[in-house]
Amino acid sequence: MARIRQFEIAAERLQASGILESSLHLSIGQEAVAAGVCDALRRSDLITTTHRGHGHCIAKGGELAPMMGELFAKGGGYCGGKSGSMHIADPASGILGANAIVGAGIPIALGAALAFQQRGTDGVAVAFFGEGAVAEGVFHESLNIAALWALPIVFVCENNGYAEMTPVSVHLASADVAAFGAPYGIPASGVDGNDVLAVRQAAQQAVSAARNGAGPALLEARTYRWRGHYQGDPETYRTREEVEQWRERDPLRRLRAVLPGAADRFDDLDQQAMRLVNTAVDEVRGWPGTEAAALTEHVYATSA
């Protein structure tokens, strides 16, 4: 969680100073969901994520420098500097990619789960998405197929209350996302998405069941993003009082509170995370940029 926060704080600072030109959708305040869920996964398990996906990538094992390289459009980035902030992928870490299309990562994770099943392995796929994706047809189609075929997939909804600038009360008939599991016969649960231990426990149960052949699960993590939908968002759709109330539920601070006597250890982890991120930034700024000739690479598969 500390690495995720420091990575995004650094990106935010670099963009504000004009050094970084990439667009940013930050997950500051939501770190417990990424950390809790990915802690239940193996490196060989696969995830799909969203435009707000830095945290998922870091929690799944993505390295800071190649990730930062994408934000800087550097050739040494995970995707050759062509993904920007919103499309980072690293299959070697089990990160199939972020997706700016709402809900579009869900069927990709479904395909990964089907591949695990067809190959006879015990791998598990996880689809991260926001509550804005729940009204998309692909969400319901994917739940239906997952249930019919008992696929090893965990659907993780990060319900932060807003689909871009639209509150959940306006765009979703039922604010209880976990309730959508019942019509498809899928075990579902809601969890405090700012309590990393609760998220991890729920994820461990769902992942373990999927790994052992019990089929899919739906996990709704209720959380909140401290920043706007994007950097520069005027945030006219919510009050500062609401944001401050949620800042009091800071997942990092809450973990400190339940592990008494660990304050020095947490301080060390925060400082270590800051050093790691700063080192990554310094390293990446010296990398060569992506060459224009690389624009047409990786567009078509080459024949064997």
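Residues numbered from 1 in each chain as written. Predicted model: local features only at pLDDT ≥ 70, side-chain atom pairs only at ≥ 80, totals over all residues. Heavy atoms only, no water.

Trainee: I would appreciate a short explanation of empty space enclosed by the protein in the present structure.
Mentor: Which parts of space are left empty comes out when a probe the size of a water molecule is rolled across the atoms. The tally for this structure, following the rule as stated, stands at one cavity of 30 Å³ or more. Approximately 40 Å³ is the volume attributed to the largest cavity. (1 Å grid on protein atoms, 1.4 Å probe; cavity = no way out; pocket = protein on both sides within 12 Å on 5 of 7 lines; lining within 4 Å. Points joined across faces, edges and corners; volume = space filled by probe spheres on them.)

Trainee: Explanation requested: a nonpolar patch on the surface in the structure shown.
Mentor: A contiguous nonpolar surface patch, about 230 Å² in accessible area, is contributed by Leu197, Val258 and Leu259. Position of Leu259 among the secondary structure elements: in the loop between α10 (251-258) and α11 (263-285). Residue class for Leu259 comes out partly exposed when judged on its relative accessible area of 37%. (Patch = residues over 30% accessible without salt bridge, like charges linked within 9 Å, V, L, I, M, F, W, Y side chains within 5 Å. Areas by Shrake-Rupley, 256 points an atom, 1.4 Å probe, with all protein chains shown as cover. Salt bridge = Lys/Arg side-chain N within 4 Å of Asp/Glu carboxyl O. Helix = DSSP H or I, 4+ residues; strand = E, 2+ residues; numbered from the N terminus. Buried < 20%, exposed > 50% of the residue type's maximum accessible area, 1.4 Å probe, protein only.)

Trainee: Help me understand the state of the cysteines in this model?
Mentor: The term disulfide refers to a covalent linkage connecting the sulfur atoms of a pair of cysteines. A full pass over the atoms with the stated rule returns zero disulfides. Here Cys57 is not disulfide-linked; the sulfur of Cys38 is the nearest cysteine sulfur, at 8.8 Å. The thiol of Cys157 is unpaired, and the distance to the nearest cysteine sulfur, on Cys38, comes to 16 Å. We classify Cys157 as buried; its relative accessible area is 0%. (Disulfide = S-S within 2.5 Å.)

Trainee: Quick question: what am I supposed to make of the pattern of salt bridges here?
Mentor: Close approach of charged atoms allows side chains of opposite charge to pair. By the definition in use, this model includes 15 salt bridges. Put simply, Arg5, Glu31 and Asp250 are held in one network by salt bridges that share partners.

Trainee: Would you mind going over unusual backbone geometry with me for this structure?
Mentor: It is generally the case that most residues other than glycine have a negative phi and that most peptide bonds are trans. A positive phi is found at Ala150, a non-glycine position, where the angle reads about 50°. You can see Ala150 is positioned in the loop between α6 (137-148) and β3 (153-159). Backbone geometry at His298 places phi at a positive 65°, although glycine is not the residue there.

Trainee: Hey, could you run me through the pairing of strand β2 (residues 125-130) in this one?
Mentor: Consecutive side chains of a regular strand alternate in pointing toward one face of the sheet and then the other. Counting buried positions along β2 yields five of six residues, so the element is predominantly enclosed. Note: strand β1 (residues 46-48) against β2, three bridges, orientation parallel. Its bridge partner lying in β2, Thr48 is registered against Ala127. As judged from the six bridges shared by β2 and β3, these two strands associate in the parallel manner. Residue Val126 lies in a different strand from β3, and its bridge partner there is Val154. Each parallel crossover has a hand, and for β2 linked through α6 to β3 it is right-handed. (Pairing = 2+ DSSP bridges. Right-handed = clockwise from strand over helix to strand, strands pointing away.)

Trainee: Sorry if this is basic, but what is going on with the packing of helix α2 (residues 31-38) against helix α8 (residues 196-211) here?
Mentor: When two helices pack together, their arrangement is given by the angle between the helix axes and the distance between those axes. One way to put it is that α2 packs onto α8 with a least axis distance of 8 Å and a crossing angle of 35°. Every pair of crossing elements has a handedness; the one defined by α2 and α8 is right-handed. In contact with Ala32, Val33, Ala35, Gly36 and Val37 of α2, α8 contributes Val196, Val199, Arg200 and Ala203. Considering only residue class, the contact of α2 with α8 consists of seven nonpolar, one polar and one charged. (Axes fitted to C-alpha atoms, helices over the stretch in contact; angles between N-to-C directions. Left-handed = near helix turned anticlockwise from the far one by under 90°. Contact = heavy atoms within 4.5 Å. Nonpolar A, V, L, I, M, F, W, Y, C, P; charged D, E, K, R; others polar.)

Trainee: I'm lost on the nonpolar core in this one. Help?
Mentor: A general feature of soluble globular proteins is that nonpolar side chains tend to end up buried together. With 52 residues, the main nonpolar core has Phe7, Val37, Leu71, Val126 and Phe128 as its most contacted residues. Setting aside anything within four residues of it in sequence, one finds Val126 in contact with Val37, Leu41, Leu46, Ile47, Thr48, Ala109, Val154 and Val156. Core analysis: the next-biggest nonpolar cluster, separate from the first, contains 25 residues, Ile106, Ala125, Phe139 and Cys157 among them. (Core = buried A, V, L, I, M, F, W, Y, C linked by side-chain atoms within 4.5 Å.)

Trainee: Explain α10 here, please?
Mentor: Every buried residue of α10 is listed here: Pro251, Leu252 and Leu255. Down the axis of α10, the sector holding all buried residues measures 105°, keeping them to one side. Contact partners of the buried residues in α10: α1 (2-16), α2, α8 and α11. Two or three places before Leu252, at the start of α10, stands the capping residue Asp250, its side-chain oxygen 3.0 Å from that residue's backbone nitrogen. (Arc of directions from axis to C-beta. Polar contact = N/O pair within 3.5 Å; in protein donor to acceptor, adjacent residues only side chain to side chain.)

Trainee: Help me out: how do you make sense of the packing of aromatic side chains in this one?
Mentor: The description of an aromatic ring pair rests on the distance of the ring centres and on the angle between the ring planes. As enumerated under the stated definition, the model contains five aromatic pairs in all. Pairing Phe139 with Phe180 gives two aromatic rings, centres 6.3 Å apart and planes at 85°, and the pair type is edge-to-face. Here the residue Phe139 occupies a position in helix α6, and Phe180 occupies one in the loop between α7 (168-171) and β6 (188-192), the gap between them amounting to 41 residues. On the basis of relative accessible area, Phe139 is assigned to the buried category, the value being 0%. Through pairs of rings, three or more aromatic residues link up here, namely Tyr162, Tyr224, Tyr237 and Trp246. (Phe/Tyr/Trp six-rings, centres within 6.5 Å; stacked < 30°, edge-to-face > 60°.)

Trainee: Is there a simple way to think about the pairing of strand β7 (residues 217-222) in this case?
Mentor: Of all six residues in β7, five are buried; the element is thus mostly enclosed. Summarising the sheet, β3 and β7 pair through six bridges and their orientation is parallel. Directly across from Val154, in β7, lies its bridge partner Ala217. Direction of pairing for β6 relative to β7: parallel, over a ladder of five bridges. Across the sheet, the residue bridging to Asp192 is Arg222, located in β7.

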